[in-house]
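For reference, the chains in residue letters:
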Amino acid sequence: GYALPCTAFWRLPRQVIMSEATSAPLPVICLAGPTGSGKTAAALALAAALDGEVVNADSRQVYADFPLITAQPSPEERASCPHHLYGFLTTENKISAGRWAEAAVDKVRDILARGKTPLLVGGTGLYFQALLRGMAEIPPVDPQLTAAITARVDEQGAPALHAELAQADPAYAAKIHPNDRQRIIRALEVCQSTGRSFTWWHSNSMSAPLCVGPLLTLDASLAWLEPRLAHRLDLMLAGGALGEARAAMRHCADPAAPGWSGIGCAEALAHLQGRLSLEDCRSLWLRNTRAYAKRQLTWFRARPEAQWLPPDDPAAVVEAACRFWQKARSSYNS
C-alpha cells in the first residue's frame, strides 16, 4: 500500500468546514494531469492513505453513455472508495464549468462534513480553475443569440467559427480544439453579447475561490504518454468501445449533441454512421487524443500553482498530499 504516516492529522476539525452561509474556501486536494497519465491509480492511493472520496473533475467523464470511451474508473476501482459526479449526465445535455463547480462544492461540503478527505481528480483545467481561482462573473446571454450561433455552427462547421473566434479572442481560441463546438459557441456568444472577449472576462471579473488546496499534477511527457495512449485505445476497442457507442446512438445519434463531442465518442460515431473506416477511426482517435494531451500539458504548465509529480509514483503523490493536509490542519486550528 501507499499509506504514509499521516493518519494522525488528516482529519480537519468540524468547525473549519464551510457552512452554506459562509464564503470561506473549502480545503481540498486536487489531482490533475493529461489523459492517460495514471490519475486513477494515484487517486486510489490517495483515497486509501487519507480516507478520501473521489470527485470527478473531467468534463467528458460526466456522461453516462461513455464510461469506457472516456476512461471512467471501473466498477472495481469505484468499489474501493466512494466516487462522485461520474456518468450522471445524458448525451444531449451540456455542462459548464460553473454548473460543475456548484455540484462539486456540494459534494466537497458533504465529504468534509462526514470527516472524509475530498479528492478532486481529472484533466479539465477550467474545472480546477473555477474552484481554486474563482469564476468569471459573465452576464447571462440571450438564448436567441445562443441559438443563432449554434445554427451557424451546424451550417458552416465548428472549424469555420473557430477561425472567427481566433480573430475575436485569439488567446482563448488557441486553447481549444477547432471542433470543440460547445466552447466555441460559448466564447462567441459572450463576445457578441458583452462586447468583451471570453479571455477578458476571465482576467477581469473573477469571483472569490471556492476551494483551497494543492494542484498536484502528474508530469507525463508526450513521449512517455504516446505508447500508453495507443495501448489504452486498443484495449478500449477490444473491450467494446464501439458497442458502447452503438448503444448510446439508441438514446441520441445527433453528432452535435454535447456528449458526442468528446474524443473517441465523435470518432466512434463517425465510424458507426459510415463516415469513417475503422482504420481511419482508430488513427483519428489516437491523433486527437495525443493533441488533447498536448493541450492539457500546455495548460497545466502555465499554472504557477501546479506541483509536478512523477506519473508512475503514487507514493510521491500521497506524500505531497499529506504535507498539505498537515498544514491545513495546523492553519485551521490556529
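Summary of the structure given here.

**Here we look at the nonpolar core**
Across soluble globular proteins, nonpolar side chains have a tendency to be buried as a group. Of all hydrophobic cores here, the largest spans 45 residues; its most connected members are Ile69, Trp100, Leu120, Phe128, Leu131, Leu215 and Trp260. Elements that contribute at least two residues to this core include exactly strand E2 (29–32), helix H3 (97–113), helix H4 (125–132), helix H10 (222–238), helix H11 (241–251), helix H12 (265–272) and helix H13 (278–301). Considering each element in turn, this core owes the most residues, 7 residues, to H3. One finds Ala45, Leu309, Ala320 and Ala321 within the second-largest nonpolar core, a separate group that totals 25 residues.

**Some remarks on the pattern of salt bridges**
As enumerated under the stated definition, the model contains 12 salt bridges in all. Note that arginine 181 is salt-bridged to aspartate 154, the shortest N-O span being 3.0 Å. You can see arginine 181 sitting in helix H8 (residues 181–194) and its partner aspartate 154 sitting in helix H5 (residues 143–156), a full 27 residues away along the chain. Among the residues examined, arginine 181 registers a relative accessible area of 16% and is labelled buried. Between aspartate 234 and arginine 282 there is a salt bridge, with its nearest N and O atoms 2.7 Å apart. Note that aspartate 234 is positioned in helix H10 and arginine 282 in helix H13, a separation of 48 residues in sequence. What makes aspartate 234 partly exposed here is its relative accessible area of 34%.

**So, the pairing of strand E3 (residues 52–56)**
E3 sits mainly inside the fold: 5 of its 5 residues count as buried. Of the two faces of E3, both are covered, the one formed by Gly52, Val54 and Asn56 as well as the one formed by Glu53 and Val55. In the sheet, E3 pairs with strand E5 (residues 117–121) via 5 bridges, with the strands oriented parallel. The partner of glycine 52 across the bridge, within E5, is threonine 117.

**A look at the layout of surface pockets**
Size it by volume and the second largest pocket reaches roughly 200 Å³. Residue lining of the second largest pocket: Leu126, Gln129, Arg133, Tyr172, Lys175, Phe198, Thr199, His202, Ser203, Met206, Trp299 and Arg303, and that is the complete set. Residue assignment for the lining of the second largest pocket shows that the elements contributing at least two residues are H4 and helix H9 (198–204). When grouped by side-chain class, the residues that make up the lining of the second largest pocket number 5 nonpolar, 4 polar and 3 charged.

**Points about the packing of aromatic side chains**
Considering all chains together, one arrives at 7 aromatic pairs under this definition. Between tryptophan 200 and tryptophan 201, the aromatic rings sit 5.0 Å apart at their centres with planes inclined by 90°, giving edge-to-face as the arrangement. A relative accessible area of 29% means that tryptophan 200 is categorised as partly exposed. Consider the rings of tryptophan 299 and phenylalanine 300, whose centres lie 5.3 Å apart with planes at 85°: the pair is edge-to-face. The burial state of tryptophan 299 is the same as that of phenylalanine 300; both residues are buried. The side chain of arginine 228 reaches across the aromatic face of tryptophan 224, ending 3.8 Å from its centre. Taking the ring centre of tryptophan 299 as reference, the NZ or CZ of arginine 303 above it sits at 4.1 Å.

Definitions and limits used
- Residues numbered from 1 in each chain as written.
- Predicted model: local features only at pLDDT ≥ 70, side-chain atom pairs only at ≥ 80, totals over all residues.
- Heavy atoms only, no water.
- Core = buried A, V, L, I, M, F, W, Y, C linked by side-chain atoms within 4.5 Å.
- Buried < 20%, exposed > 50% of the residue type's maximum accessible area, 1.4 Å probe, protein only.
- Helix = DSSP H or I, 4+ residues; strand = E, 2+ residues; numbered from the N terminus.
- Salt bridge = Lys/Arg side-chain N within 4 Å of Asp/Glu carboxyl O.
- Pairing = 2+ DSSP bridges.
- 1 Å grid on protein atoms, 1.4 Å probe; cavity = no way out; pocket = protein on both sides within 12 Å on 5 of 7 lines; lining within 4 Å.
- Points joined across faces, edges and corners; volume = space filled by probe spheres on them.
- Nonpolar A, V, L, I, M, F, W, Y, C, P; charged D, E, K, R; others polar.
- Phe/Tyr/Trp six-rings, centres within 6.5 Å; stacked < 30°, edge-to-face > 60°.
- Lys NZ or Arg CZ within 6 Å of the ring centre and 35° of its normal.

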